[in-house]
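Coordinates in review
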Amino acid sequence: MNKFAFLQEEREIRRKKALEKHRRMSRLFRENRFEFERQRREAIKSLIESAPNPELRKRLWEMQARWDQRMQSAGSSHNRLILAEAFFWDFVVNQWLPTLTQCANTLRRSDSVTQ
């Protein structure tokens, strides 16, 4: 088996696992919100604790605490969805795009220096 086929097979296995996890969590959300929330928090904890250094873990925990606080003060599920969308676009416009632009400018400058 060549490397490309192996990578595709691995990707498909990960995809199937992710879909199964999504189905399970979706069912839990509908049937047992308390257990859903417990498992959601455990998944968040596992992800944050897997960060490579303590400084990054601390920043991620702070971000998660801010997110939880904002979502709790939202009220209805519709308001939480609107807030999540607003936070997403705020992040894209005010943090991600400027950082991406800065990286592109840095690369352009380094290209002009090497030519």
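Provided above is the structure to which this section pertains.
Residues numbered from 1 in each chain as written. Predicted model: local features only at pLDDT ≥ 70, side-chain atom pairs only at ≥ 80, totals over all residues. Heavy atoms only, no water.

**Focus on the overall build of the protein chain**
Stated formally: Numbered from the N terminus, helices here are DSSP runs of H or I no shorter than four residues, and strands are runs of E no shorter than two. Radius of gyration here is computed from C-alpha atoms only, and the compact-globule reference equals 2.2 Å multiplied by the residue count raised to the power 0.38. Remark: exposure states derive from per-residue accessible area (1.4 Å probe, protein chains only) relative to the maximum for the residue type, with buried under 20%, exposed over 50%, and partly exposed in between. Pairs of residues are marked as contacts when any of their non-hydrogen atoms sit within 4.5 Å.
Within the protein chain one finds four helices and zero strands. Secondary structure elements of the protein chain, listed N to C terminal, follow the sequence α-α-α-α. Scaling as 2.2 N^0.38, a compact globule of 115 residues should have a C-alpha radius of gyration of about 13 Å, whereas the protein chain reaches 20 Å, well beyond that. The dimensions of the protein chain, computed from C-alpha atoms along their principal axes, are 60 × 50 × 30 Å. When each of the 115 residues of the protein chain is scored for burial, the buried share is 10%. Within the protein chain, counting contacts between residues at least 6 apart in sequence, those at least 24 apart form 9% of the total.

**Digging into the pattern of salt bridges**
Going by this rule: The term salt bridge refers to a pairing of a side-chain nitrogen on Lys or Arg with a carboxyl oxygen on Asp or Glu at a separation within 4 Å.
Evaluation of the coordinates by the stated rule reveals seven salt bridges. A salt bridge links glutamate 37 to arginine 40; its shortest N-O distance comes to 2.6 Å. Here glutamate 37 pairs with arginine 40, and both are found in helix α2 (residues 33–49), just three residues apart, close to one helical turn. With a relative accessible area of 24%, arginine 40 lands in the partly exposed category. Where aspartate 68 meets arginine 41, a salt bridge forms, and the shortest distance between an N and an O atom there is 3.2 Å. With aspartate 68 in helix α3 (residues 54–72) and arginine 41 in helix α2, this residue pair connects regions lying 27 residues apart in the sequence. Accessibility expressed as a relative area gives 14% for aspartate 68, which makes it buried. Note on arginine 41: relative accessible area 39%, which makes it partly exposed.

**Description of the packing of aromatic side chains**
The following threshold applies: Centres within 6.5 Å make a pair out of two Phe, Tyr or Trp rings, where for Trp the six-membered ring is used; the pair is then stacked when the planes are under 30 degrees apart, edge-to-face when over 60, and tilted otherwise. Comment: the charge-over-ring label is applied if NZ (Lys) or CZ (Arg) is within 6 Å of the ring centre and within 35 degrees of the ring normal.
Summed over the entire model, instances satisfying the criterion amount to three aromatic pairs. For the pair phenylalanine 29 and phenylalanine 36, a centre-to-centre distance of 5.1 Å together with 75° between the ring planes defines the contact as edge-to-face. Phenylalanine 29 gets classed as partly exposed once you look at its relative accessible area, which sits at 37%. Plain terms: the ring middles of phenylalanine 88 and tryptophan 89 are 4.9 Å apart, the flat faces sit at 75° to each other, and that makes the pair edge-to-face. Looking at phenylalanine 88, the relative accessible area reads 46%, which means it is partly exposed. Given a relative accessible area of 47%, tryptophan 89 falls into the partly exposed group. Over the ring of phenylalanine 29 we find arginine 33; its NZ or CZ atom is 3.9 Å from the centre of that ring.

**Some details on a positive patch on the surface**
As a reminder of what qualifies: Surface patches are drawn from residues lacking salt bridges whose relative accessible area is over 30%; two like charges belong together within 9 Å, two nonpolar side chains (Val, Leu, Ile, Met, Phe, Trp, Tyr) within 5 Å. Only the protein chains shown count as cover for residues, with accessible areas throughout obtained via the Shrake-Rupley method and a probe of 1.4 Å. Charge convention: Lys and Arg are scored as positive, Asp and Glu as negative, and His as well as the terminal groups of each chain are ignored. Working definition for charges: the position is that of NZ of Lys, CZ of Arg, CG of Asp or CD of Glu.
Residues Lys21, Arg24, Arg27 and Arg30 make up a contiguous surface patch of positive charge. Mapped onto the elements, arginine 27 comes out in helix α1 (residues 3–31).

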